[in-house]
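Coordinate inspection notes
Residue-level listing of the chains:
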Amino acid sequence: MRTKPSDSKLTGLFLDMLAAEQGAGANTLDAYRRDLTDFSEFLGRAGHSFADAETQVLRDYLADLDARGFKSTSVARRLSAMRHLFRFLLNERIRAEDPAAILSGPKRGRGLPKVLSIADVDRMLRRAKELSEAADQSPSKRLRALRLYCLLEVLYATGLRVSELVALPRSAAKRDARMIVVRGKGNKERLVPLNDAARQAMADYLAATEAAKADKNRVAASKWLFPSFGESGHLTRQHFARDLKELAVASGLQARLVSPHVLRHAFASHLLHNGADLRIVQTLLGHTDISTTQIYTHVVEERLKSLVRDLHPLVEK
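Before going into details, it helps to say that this report is about the structure given with it. Every value quoted in this text rests on a predicted model; they were computed, and no experiment measured them.

Remarks on the overall build of the chain
- From N to C terminus, the chain includes 14 helices and 2 strands.
- Split by element, the accessible area of the chain, about 18,200 Å² in all, is 52% carbon and sulfur.

So this is what it looks like as structure tokens:
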């Protein structure tokens, strides 16, 4: 009798497929692995596995997630992982049917992204610049302040994903570069323009790293623009997020309202508010599908309403 493959083996095969055929990144693969491990543990307690689970058991798992207090967005993500897995098993002829095909997910409204105002971002930029120019600080503290100011300027100027930002190569800060090449999701590359403020912040930060060469050879020799001594070789997303929240508090803002992703939202929303085309913003953000960018259409709608209100000849003054 043929032995059924274990859930861990099937998970490994599934993740290999995502990486090879869809170019899934490390963060995406880790998220799938966590979700499927939890699902497998539930099936194991019920005496089932990926190879033999039926639709009702999948419904029981979704109900269990709800009983554990999972938000509808988290339940929907787990369901998506299950659907992708069973579709893979069907295509690979490991299963003869797809038990997830007829499942319906929780109803959920798509919330609008948190957005900082232009004034809020200006306050953070001014405070970061003040900290980078403070005279009474050690060279290492000044270097960290210059790094944070550079990160903030580049993030708001480009709208990069935080994973793209912290992994920028040192070559991105070429003196005359008006554009940088960004390697995004699925290993896809795109060109993103830099404004003068971001270019100057990069130049000042690089000059400071060169000045520290004698004491910190590894920092100066690193291939990364924002190096660290961790395993990744570059600054981590978590480290930058912590620094950003501290800057928010120093700028008089609530830390819970500020994150690298909120700054990315601010970049997109402020562009659209000032007349940018949605397709252009899609390209700059690296969204494959325009539907992902359409989360910002509320900004466009408000701008159109104000244009009609202010400019239409029949609107009462």
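On we go.
Thoughts on the pairing of strand 1 (residues 179–183)
- A one-sided burial pattern is seen for strand 1, the buried positions being Ile180 and Val182 and the unburied ones Met179, Val181 and Arg183.
- In terms of strand pairing, strand 1 meets strand 2 (residues 189–193) through 5 bridges, oriented antiparallel. Its bridge partner being in strand 2, Ile180 is matched across the sheet by Val192.
- Counting the residues between successive antiparallel strands, the hairpin from strand 1 to strand 2 contains 5 residues, one of them, Gly186, with a positive phi of roughly 70°.

Some points on the packing of aromatic side chains
- Enumeration over the complete set of coordinates arrives at 7 aromatic pairs.
- Members of the aromatic cluster, connected to one another through ring pairs, are Phe39, Phe42, Phe50, Tyr61 and Phe86.

Some remarks on the environment of Asp16
- Of note, Asp16 is situated in helix 1 (residues 7–22).
- In the structure, Asp16 is positioned 13 residues away from Leu29 in sequence and 9.0 Å away in space, judged by C-alpha atoms.

Looking at the pattern of salt bridges
- Counted under the stated rule, the structure contains 17 salt bridges.
- Across the pair Lys129 and Glu133 runs a salt bridge, and its minimum N-O distance is 3.1 Å. Here Lys129 pairs with Glu133, and both are found in helix 5 (residues 118–133), just 4 residues apart, close to one helical turn.

Some thoughts on the nonpolar core
- In this structure, Met124, Leu165, Leu168, Phe226 and Phe240 are the most contacted members of the largest nonpolar core, which totals 43 residues.
- Broken down by secondary-structure element, the contributors of at least two residues to this core are helix 5, helix 6 (139–158), helix 7 (162–166), strand 1, helix 8 (196–211), helix 10 (237–250) and helix 11 (260–273).
- With 10 residues, the single largest contributor to this core is helix 6.
- Leaving out residues up to four positions away in the same chain, Phe240 has contacts with Leu148, Leu151, Leu155, Val162, Leu165, Val166, Leu235 and Pro260.

Looking at the side chain of Ser132
- Following the sequence through the fold, Ser132 ends up in helix 5.
- Of the residues examined, Ser132 reaches a relative accessible area of 3% and is grouped as buried.
- Within the structure, the side chain of Ser132 is placed 2.7 Å from the backbone oxygen of Lys129, a separation counted as a polar contact.
- Contacts of Ser132, omitting those with residues within four sequence positions, involve Gln137, Arg142, Ala145, Leu146 and Tyr149.

Details of unusual backbone geometry
- With a phi angle near 60°, Arg93 is a residue other than glycine that sits in the positive phi range.
- Relative to the elements of secondary structure, Arg93 occurs in the loop between helix 4 (72–91) and helix 5.

Points about the environment of Val121
- Here Val121 lies in helix 5.
- A sequence separation of 35 residues divides Val121 from Tyr156, and the C-alpha atoms of the two residues are 8.3 Å apart.
- For Val121, the residues in contact, after removing those within four places along its chain, are Leu116, Tyr156, Leu263, Ala266 and His270.

Regarding the packing of helix 5 against helix 6
- Close contact between helix 5 and helix 6 brings their axes to 8 Å; oriented N to C, the two are set at 155°. Here helix 5 is positioned roughly antiparallel relative to helix 6, judged by the angle of their axes. Of the two possible hands of crossing, helix 5 and helix 6 adopt the one that is left-handed. In this structure, helix 5 contributes Ile118, Val121, Met124, Leu125, Ala128, Lys129, Leu131 and Ser132 to the contact, and helix 6 contributes Arg142, Ala145, Leu146, Tyr149, Leu152, Glu153 and Tyr156.
- Looking at the contact of helix 5 with helix 6, its residues break down into 11 nonpolar, 1 polar and 3 charged.

Remarks on helix 8
- If you check helix 8, its first and last C-alpha atoms are 23 Å apart, about what 16 residues at 1.5 Å a residue would give, namely 22 Å.
- Within helix 8 the residues assigned to the buried category are Ala198, Arg199, Ala201, Met202, Tyr205, Leu206, Ala208 and Thr209.
- At the N-terminal boundary of helix 8, the capping side chain belongs to Asn195, with an oxygen 3.3 Å from the backbone nitrogen of Ala197.

A look at the environment of Leu43
- By the secondary structure assignment, Leu43 is in helix 2 (residues 26–45).
- Here Leu43 falls in the buried class, since its relative accessible area comes to 0%.
- Separated by 10 residues in the primary sequence, Leu43 and Ala53 place their C-alpha atoms 7.5 Å from one another.
- Not counting residues up to four positions away in its chain, the partners in contact with Leu43 are His48, Ser49, Phe50, Ala53 and Val57.

Rules of the game
Numbering of residues starts from 1 in each chain and follows the order in which that chain's sequence is written. Per-residue local features are limited, in this predicted model, to residues with pLDDT of at least 70; the limit for side-chain atom pairs, both in listing and counting, is 80 or more; totals at the level of whole chains, interfaces and linings are taken over all residues. Side-chain descriptors were evaluated using all non-hydrogen atoms of the structure, hydrogens and water having been removed beforehand. Secondary structure elements are defined from DSSP: runs of H or I of at least 4 residues count as helices, runs of E of at least 2 residues count as strands, and each element is numbered from the N terminus. Here, Shrake-Rupley sampling with a 1.4 Å probe gives the accessible areas, and only protein chains in the shown set may cover a residue. Only protein chains enter the accessibility calculation, which uses a 1.4 Å probe; a residue is then buried when its area is under 20% of its type maximum, exposed when over 50%, and partly exposed in between. Two strands qualify as a pair provided that DSSP identifies no fewer than 2 bridges between them. Classification of ring pairs rests on two measures: the distance between centres of Phe, Tyr or Trp rings, Trp counted by its six-membered ring, which must be within 6.5 Å, and the angle between planes, read as stacked under 30 degrees, edge-to-face over 60 and tilted in between. When a carboxyl oxygen of Asp or Glu lies within 4 Å of a side-chain nitrogen of Lys or Arg, that pair is called a salt bridge. As used in this record, nonpolar core signifies buried Ala, Val, Leu, Ile, Met, Phe, Trp, Tyr and Cys residues forming a set joined through side-chain atoms within 4.5 Å. The criterion used for residue contact is that any of the two residues' heavy atoms lie within 4.5 Å. What qualifies as a polar contact is a pair of N or O atoms within 3.5 Å, subject to a donor-acceptor requirement within protein and to the restriction that residues adjacent in sequence count only when both atoms come from side chains. Note on definitions: angles span 0 to 180 degrees between N-to-C directions of axes, and those axes are lines fitted to C-alpha atoms, for helices only across the stretch in contact. What sets the label is the angle itself: under 35 degrees gives roughly parallel, over 145 gives roughly antiparallel, 65 to 115 gives roughly perpendicular, and the rest give oblique. Handedness of each helix crossing follows the sense of rotation of the near helix against the far helix: counterclockwise by less than a right angle gives left-handed, clockwise gives right-handed. Nonpolar residues are Ala, Val, Leu, Ile, Met, Phe, Trp, Tyr, Cys and Pro. Charged residues are Asp, Glu, Lys and Arg, and all others, Gly as well, are polar. Multiplying 1.5 Å by the helix residue count minus one yields the expected span of that helix.

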